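# Coordinates in review
Listed below, chain by chain, are the residues.
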Amino acid sequence: ERSHAITRDRRVMASRKHPTGPPPSAGVLAKYVQAYARDAGLSEGRVRGWISYMVMAGALERAAASGQPRFTVKGGIALELRLRNRARATKDIDVVLQHADADLARTLEGALSGEAYQGFTFRRKGEPLLLDNGAVNLEHAVSYLGGAWTTIAVDIARAEPGEAEIEWLPAIPLTDAFGITGPVDLPCLPLRLHIAQKLHGMTLPPRAGKRNERFRDLIDLLLMEELVTDYRGLREACETVFRSRDIHVWPPALAVPPHWIEPFVRLAGDLDLPVADAEAGMMRVRAFVERIVGA
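Read on for a plain summary of the structure. (Residues numbered from 1 in each chain as written. Predicted model: local features only at pLDDT ≥ 70, side-chain atom pairs only at ≥ 80, totals over all residues. Heavy atoms only, no water.)

Here we take up empty space enclosed by the protein. All told, the structure shown has one cavity of 30 Å³ or more when counted by the stated rule. Each pocket or cavity is described by its volume, and for the largest cavity that value is around 30 Å³. The wall of the largest cavity is formed by A59, R62, L112, G114, E115, A116, Y117, F120, T121 and F122. Contributions of two or more residues to the lining of the largest cavity are made by α3 (44-65) and β3 (120-130). (1 Å grid on protein atoms, 1.4 Å probe; cavity = no way out; pocket = protein on both sides within 12 Å on 5 of 7 lines; lining within 4 Å. Points joined across faces, edges and corners; volume = space filled by probe spheres on them. Helix = DSSP H or I, 4+ residues; strand = E, 2+ residues; numbered from the N terminus.)

Below, the structure written as structure tokens:
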């Protein structure tokens, strides 16, 4: 499926006149985005986000190449790298800091504070927000050649057991469609850990007075299931994640909270999933977990 998505991207690019070089302004880049989004049947916001996430990840990897701590991409952007527009659109970029004790926010700021990356610069907006899971959320204004481009959110977490391993995935190509030389490959969380963490988050017992709102993890697992080839490695990853987080047991109970039903139907329709409702989706995930446990 990933190869099909890449082929489709190239077909869309081939149908359009390519930029002859980097766009001279944010306004011209916006026009390139409008044309690409129209031809590909995507929202302009999603394409604008793709560019922003790729150049930020590229800037972080450039900093790693110079000796600074590495950030690994995880979450929705890693899933989009695997599935492209078959994955749901994401509103932030999740990264993992590969350092045992460096400050999360300051390390990110240091990695982004160097010279512009392909004309893009990043400015933090507001103060870091500490999340319940120990991660830090930051907002950054993204500019291109001095012109305002967009604002993106970044969630930064410290590497957990097993997360030092990297899987390199092809970045979303930017040159042919937009004239920007972005990264070729990006360091991402390995698929088996990504799935294990999705299973953990989806089944996380809610705190008192709270609800588990992570119905989107059920959507993601239905899409990621088809990518799995190493069930033994996936079982080991699930055991590691559940053991190290030590909140609930593996294998987890798999039930659909009532408040997931309506939003699942809406998002499943947008993504053309093989199931139309959350109960049917959870049945598939139960069978998926059974295969993992039996590996």
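Our next topic: the pattern of salt bridges. For the coordinates displayed, the defined rule picks out 18 salt bridges. Salt-bridge contacts for E167 lead to R82; the nearest nitrogen and oxygen are separated by 3.1 Å. With E167 in strand β6 (residues 167-170) and R82 in helix α4 (residues 75-83), the pair connects residues that are 85 residues apart, well separated along the chain. In this structure, the salt-bridge partner of D220 is R88, at a minimum N-O distance of 2.9 Å. One end of the pair, D220, is in helix α8 (residues 215-224); the other, R88, is in the loop between α4 and β2 (92-97), with 132 residues separating them in the sequence. For the pair shown, D220 and R88 are each scored as buried. Salt bridges sharing partners connect three or more residues here, namely R88, K198, R214, D217 and D220. (Salt bridge = Lys/Arg side-chain N within 4 Å of Asp/Glu carboxyl O. Buried < 20%, exposed > 50% of the residue type's maximum accessible area, 1.4 Å probe, protein only.)

So yeah, pure geometry; function would need other evidence.
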